[in-house]
Amino acid sequence: MHVINRSLAALSLLALTACAPMAWQKEGASPAEVDVALAECSQLAQDEAWRQSWEARWPPPFYDRRYMPPYYSLRDPFWFDYPSSAELEWDLRNFCMHSKGFRLRPLDHAGNGM
């Protein structure tokens, strides 16, 4: 019974730390610098994810717009390919932030990085 209680306590601690709020942090960076870097990386990631999607290549080069139905005459006739594009965008943003020296770390109860 003692082993079960210890295992339950360890599992509870793990669950609580997994739900901790996370924030991008860098030694010596102010919150304003983090916000600027995050906004820049988010925009770059969104642009790159769009470039890698099939929408950026629409219509294919062999299509002649003169012979296309009207709903194909627009540049983006279909929805963005969610969720794979959202996952790609998330990964690209995280890579950008890491390359700038930021790390995603849990916050303590006071809102400070650990």
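Refer to the preceding data block for the structure.
Source: prediction; values computed, not measured.

Participant: Now, about helix α2 (residues 31–52): what can you tell me, with residues and values included?
Facilitator: Taking 1.5 Å of rise per residue, 22 residues should cover 32 Å, and α2 covers 31 Å from first to last C-alpha, within 8% of that figure. Residues of α2 that are buried: Val34, Ala37, Cys41, Ala45 and Ala49. On an axial view of α2, the arc spanned by its buried residues comes to 95°, and they lie on one face. Away from its buried face by more than 90 degrees, α2 exposes Ala32, Asp35 and Val36.

Participant: Describe the packing of aromatic side chains, naming the residues involved and giving the relevant values.
Facilitator: Throughout the structure, instances matching the rule amount to 0 aromatic pairs. In this arrangement the basic side chain of lysine 26 is found over the ring face of phenylalanine 102, its NZ or CZ atom lying 5.2 Å from the centre. When the ring centre of tryptophan 90 is taken as reference, the NZ or CZ atom of arginine 93 above it lies at 4.4 Å.

Participant: Please set out the side chain of arginine 93 residue by residue, giving values where relevant.
Facilitator: Tracing the backbone through its elements, the reader meets arginine 93 in helix α3 (residues 84–99). Look at arginine 93: it is buried, it has no salt bridge, and the nearest opposite charge is glutamate 89 at 7.4 Å. Beyond its immediate sequence surroundings of up to four residues, arginine 93 is in contact with Trp24, Leu38, Cys41, Ser42 and Ala45.

Participant: Quick one: what's the story with the environment of proline 21, residue by residue and with numbers?
Facilitator: Mapped onto the secondary structure, proline 21 falls in the loop between α1 (2–18) and β1 (22–25). The spacing of proline 21 and proline 106 is 85 residues in sequence and 5.6 Å in space, taken between C-alpha atoms. Not counting residues up to four positions away in its chain, the partners in contact with proline 21 are Arg105, Pro106 and Leu107.

Thresholds, definitions, all that
- Residues numbered from 1 in each chain as written.
- Predicted model: local features only at pLDDT ≥ 70, side-chain atom pairs only at ≥ 80, totals over all residues.
- Heavy atoms only, no water.
- Helix = DSSP H or I, 4+ residues; strand = E, 2+ residues; numbered from the N terminus.
- Expected span 1.5 Å × (residues − 1).
- Buried < 20%, exposed > 50% of the residue type's maximum accessible area, 1.4 Å probe, protein only.
- Arc of directions from axis to C-beta.
- Phe/Tyr/Trp six-rings, centres within 6.5 Å; stacked < 30°, edge-to-face > 60°.
- Lys NZ or Arg CZ within 6 Å of the ring centre and 35° of its normal.
- Lys, Arg positive; Asp, Glu negative; His and termini not counted.
- Salt bridge = Lys/Arg side-chain N within 4 Å of Asp/Glu carboxyl O.
- Contact = heavy atoms within 4.5 Å.

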